[in-house]
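# Structural overview
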Protein chains: 2
Amino acid sequence: MIDIQLFKWYSFARLVYTNLAIEPPTPPRGGTMKKSSNRDETSKPVYVQIAENLLDQIESGDLSPGDRLPPERELSEKFGVNRQTLRRALKKLELQGLLTRRQGAGTFVSEPKIEQRAEVVISFTKNMQRRGYVPGAEIVKFKKQSAEKSVADALGLSSSDLVYSIFRLRLINQAPVLLERLTIPAHRFPQFERHDLSKRSLYEVMETEYGVTITRARQSLEPVIALDYEAEILHVLPGAALMLQRRLSFDQNEQPIEYGKDLYRGDRFRFVTEIAPLEI
Amino acid sequence: MIDIQLFKWYSFARLVYTNLAIEPPTPPRGGTMKKSSNRDETSKPVYVQIAENLLDQIESGDLSPGDRLPPERELSEKFGVNRQTLRRALKKLELQGLLTRRQGAGTFVSEPKIEQRAEVVISFTKNMQRRGYVPGAEIVKFKKQSAEKSVADALGLSSSDLVYSIFRLRLINQAPVLLERLTIPAHRFPQFERHDLSKRSLYEVMETEYGVTITRARQSLEPVIALDYEAEILHVLPGAALMLQRRLSFDQNEQPIEYGKDLYRGDRFRFVTEIAPLEI
DNA sequence: GAGTGGTCTAGACCACTGG
DNA sequence: CAGTGGTCTAGACCACTCC
């Protein structure tokens, strides 16, 4: 074990939310709510739109950690919705760890935690930037080939179907920390080789170029030993401990769309979960 | 690696829910509400009580996987609550993976999955039994001693304070799979050595003997390499991959009450998470 | 005591699944 | 088409915090 311990905390989780902002509501009754800006995601529930609007305000810095939000009754009036609806939006953000609510006291923007919740989905790049690191990426392999059986099964393909197989090395402050190995069905992403994944987010490309949005994923974690090739590329000793994260992602139509086997350096990452009773 | 692969799937998570059933909430309206058993947690929100009631029915087999529940409007009438309140209970169970709801179709008891959600808290014993395995436990070490600094800090103790340091080996079908190493403050648990942790659940003892309930926990996962001692006791080769799960648990008063460092055999466990957009 | 979030009710309309 | 879950509203009372 040679390696320094630059940072130790991290959450897995990947990409995936679109920051639709809401147009402030034409009020009540007949249920209005302008549809938001771009895309045809017009029909999102109001509480989701409000949550996204508030998220924008937090991310843009309009709302800073420690700030108290206006009372619910006031906020609901501002957004032109019922208090219940507003509370649903707040709950969503609270479950993501972005807001803290204290009965009798108020609703506050959370202090940024060192660790993010493992269950919240966010991009590697954004995650690292929030922690003040400079993320990077490097394509190690990019091939169009026929899928191996286990992967084909997971993606619902036959073994004669073509897939893109991509190895991407992720860097933090120039140092390799994560080897992404992912497979996507070629027929869903024609000409995928045109896009530069060393500069762009995979999910961003999927969404903007192909209209594919990842809505959910199932993933698992296992500890594994670094093989020679993996050790070399991640700059650890063979036999070092790595975290293998398998992932099957689904698109908006519930179709499996990406199969990933990511290898994290065990000395640089820790996967954090908060276990709490589910209060909805 | 000599070991067989008896089973591969598992979720971490530990114990913690008490199956309190609801006290007949004195129906504010025309309500009914079946009651069940013990304790005076009378003041739980109605939706929590309903969720626990339904959970009981699922666990007892009154509701079987695949069964369709009555429509929400009917259920809410049965429980004597508003539909919104009932829906909150259903949502809670849905988030735990116990129910599946399909718009237009109905609410169904989920087929038992091989893996449980990583975020849901459940006891090792119960978890294994659900999978048809025979869990066991063996006390490896049981000492009252002064806390080491890092642990004392986590538990909010001074280094002169005494703690119980307990190593417990967990078995599945007689084979060792998990080495639990946990620390609890001695002053909160007087005479703790009287209890037989090879037969009883730690959390069950805490609750019934000391009135301490674990309400939430913060935990992390890291891959590590088996040291000689660990390898021997877990029946793996030195250098094998293990999963280290650190855990800090809090009681009902938000006091840190247990510090754990559990070692899972990497070849026998996989830690699963579902990543999905939070719809509340 | 005033003000906050937490819970609950009653009723409505919508979107989707199914025969 | 009838019936299901999904969303939203209007209004109420409670539990807690803080001055």
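Up top you'll find the structure we're talking about.
Cut-off values and rules
Residues numbered from 1 in each chain as written. Chains lettered and ligands numbered in written order. Predicted model: local features only at pLDDT ≥ 70, side-chain atom pairs only at ≥ 80, totals over all residues. Heavy atoms only, no water. Helix = DSSP H or I, 4+ residues; strand = E, 2+ residues; numbered from the N terminus. Salt bridge = Lys/Arg side-chain N within 4 Å of Asp/Glu carboxyl O. Buried < 20%, exposed > 50% of the residue type's maximum accessible area, 1.4 Å probe, protein only. Phe/Tyr/Trp six-rings, centres within 6.5 Å; stacked < 30°, edge-to-face > 60°. Lys NZ or Arg CZ within 6 Å of the ring centre and 35° of its normal. Core = buried A, V, L, I, M, F, W, Y, C linked by side-chain atoms within 4.5 Å. Contact = heavy atoms within 4.5 Å. Near = heavy atom within 4 Å. Polar contact = N/O pair within 3.5 Å; in protein donor to acceptor, adjacent residues only side chain to side chain. Least-squares fit on C-alpha atoms with pLDDT ≥ 70 in both. Expected span 1.5 Å × (residues − 1). Pairing = 2+ DSSP bridges. Axes fitted to C-alpha atoms, helices over the stretch in contact; angles between N-to-C directions.

## Digging into unusual backbone geometry
Residues and elements named next belong to chain A.
- A positive phi angle, close to 75°, is found at Gln-174, a residue other than glycine.
- Here Gln-174 lies in the loop between strand E4 (162-172) and strand E5 (175-185).
- A positive phi angle, near 60°, is found at His-235, a position not held by glycine.
- By the element assignment, His-235 lies in the loop between helix H7 (228-234) and strand E7 (241-251).

## Let's talk about the pattern of salt bridges
- Under the definition given, this model contains 41 salt bridges over all chains.
- Here B:Glu52 ties to B:Lys44 by a salt bridge, and the two come within 2.8 Å at their closest N and O atoms.
- By relative accessible area, B:Lys44 is classed as buried at 18%.
- A cluster of three or more residues bridged by salt bridges with shared partners is formed by A:Glu72, A:Arg83, A:Arg87, A:Lys91, A:Glu94 and A:Arg101.

## Points about the packing of aromatic side chains
- For the coordinates displayed, the defined rule picks out 16 aromatic pairs over all chains.
- With 5.0 Å between their ring centres and 75° between their planes, A:Tyr264 and A:Phe269 make a pair best called edge-to-face.
- Every member of this aromatic cluster is reached through a ring pair, and the members are A:Phe142, A:Tyr164, A:Phe189, A:Phe192 and A:Tyr210.
- Its guanidinium or amino end placed over the ring of A:Phe250, A:Arg216 lies 4.0 Å from that ring's centre, counting from NZ or CZ.
- One residue, B:Lys141, lies across the ring of B:Phe167, its end atom 4.7 Å from the ring centre.

## As for the nonpolar core
- Counting 22 residues, the largest nonpolar core has A:Leu221, A:Met243, A:Phe271, B:Leu221, B:Met243 and B:Phe271 as its most contacted members.
- Taken together, the elements giving at least two residues each to this core come down to helix H4 (124-130) and E5 of chain A together with helix H4 (124-130) and strand E5 (175-185) of chain B.
- In this structure, A:Met243 is in contact with A:Leu221, A:Glu222, A:Pro223, A:Asp262, A:Leu263, A:Tyr264, A:Phe271, B:Leu221, B:Glu222, B:Pro223 and B:Met243, ignoring residues within four places of it in sequence.

## Topic: the protein's contact with DNA strand D
- Lining the immediate surroundings of DNA strand D are 30 residues, of which A:Val46, A:Asn82, A:Thr85, A:Arg88 and B:Gln84 lie closest.
- Across the atoms of DNA strand D situated within 4 Å of the protein, the share located in sugar and phosphate is 58%.
- In the model, a phosphate oxygen of DNA strand D is placed 2.8 Å from a nitrogen or oxygen of the A:Arg102 side chain.
- Measuring from a base nitrogen of DNA strand D, one finds a side-chain N or O atom of B:Gln84 at 2.2 Å.
- Counting residues per element, the ones that place at least two in the surface near DNA strand D are helix H1 (46-60) and helix H3 (83-95) of chain A together with helix H2 (72-79), helix H3 (83-95), strand E1 (99-102) and strand E2 (106-109) of chain B.

## Details of the relation of the copies chain A and chain B
- For the pair chain A and chain B, the superposition axis carries a translation of 0.1 Å, the fit reaches an RMSD of 0.1 Å, and the rotation angle comes to 180°. The two molecules are tied by a two-fold rotation axis, judged by turn and shift. Of every C-alpha in chain A, the one belonging to A:Pro223 sits nearest the axis of rotation, 2.3 Å from it.
- With an isologous cut-off of 70% or more, the 98% of interface residues of chain A that recur at the interface of chain B puts this contact in the isologous class.

## Considerations on H1(A)
Residues and elements named next belong to chain A.
- Its 15 residues give H1 an end-to-end C-alpha distance of 21 Å, which sits within 8% of 21 Å, the value for a rise of 1.5 Å per residue.
- Of all 15 residues in H1, 11 are buried, a share of seventy percent or more.
- Taken together, the buried positions of H1 are Tyr-47, Val-48, Gln-49, Ile-50, Ala-51, Glu-52, Asn-53, Leu-54, Leu-55, Asp-56 and Ile-58.
- Residues of H1 that are buried make contact with helix H2 (72-79), H3, strand E1 (99-102) and strand E2 (106-109).
- Immediately beyond the C-terminal end of H1, within one or two residues, lies Gly-61, with a positive phi of roughly 95°.

## Focus: the sheet that holds strand E4 (residues 162-172) of chain B
- A sheet is described by the order of its strands in space; here 7 strands give the open sequence E9(A)-E6(B)-E7(B)-E8(B)-E5(B)-E4(B)-E3(B), paired in antiparallel fashion. Two strands bound the open sheet, and with one partner strand each, they are strand E9 (271-275) of chain A together with strand E3 (135-146) of chain B. Along the sheet, successive strands turn relative to each other by an average axial angle of 15°, direction set aside.
- One ladder, built from 11 bridges, connects strand E6 (residues 214-225) of chain B with strand E7 (residues 241-251) of chain B; its direction is antiparallel. By the bridge assignment, B:Arg218 is partnered in E7(B) with B:Leu248.
- The strands that helix H6 (residues 202-210) of chain B touches are E4, E5, E6, E7 and strand E8 (256-265) of chain B; relative to E8(B), the one it contacts most, it runs at about 165°.

## Here we look at the pairing of E8(B)
Residues and elements named next belong to chain B.
- When you tally the buried positions in E8, you get 9 out of 10 residues, the bulk of the element.
- Across 4 bridges, the pairing between E5 and E8 is antiparallel. Bridge pairing links Leu-182 to Gly-260 in E8.
- By the bridge criterion, 9 bridges tie E7 to E8 in an arrangement that is antiparallel. By the bridge assignment for E8, Met-243 is matched with Tyr-264.
- A loop of 4 residues connects E7 with E8, the two strands running antiparallel in sequence, and Glu-254 in this loop sits at a positive phi of about 65°.

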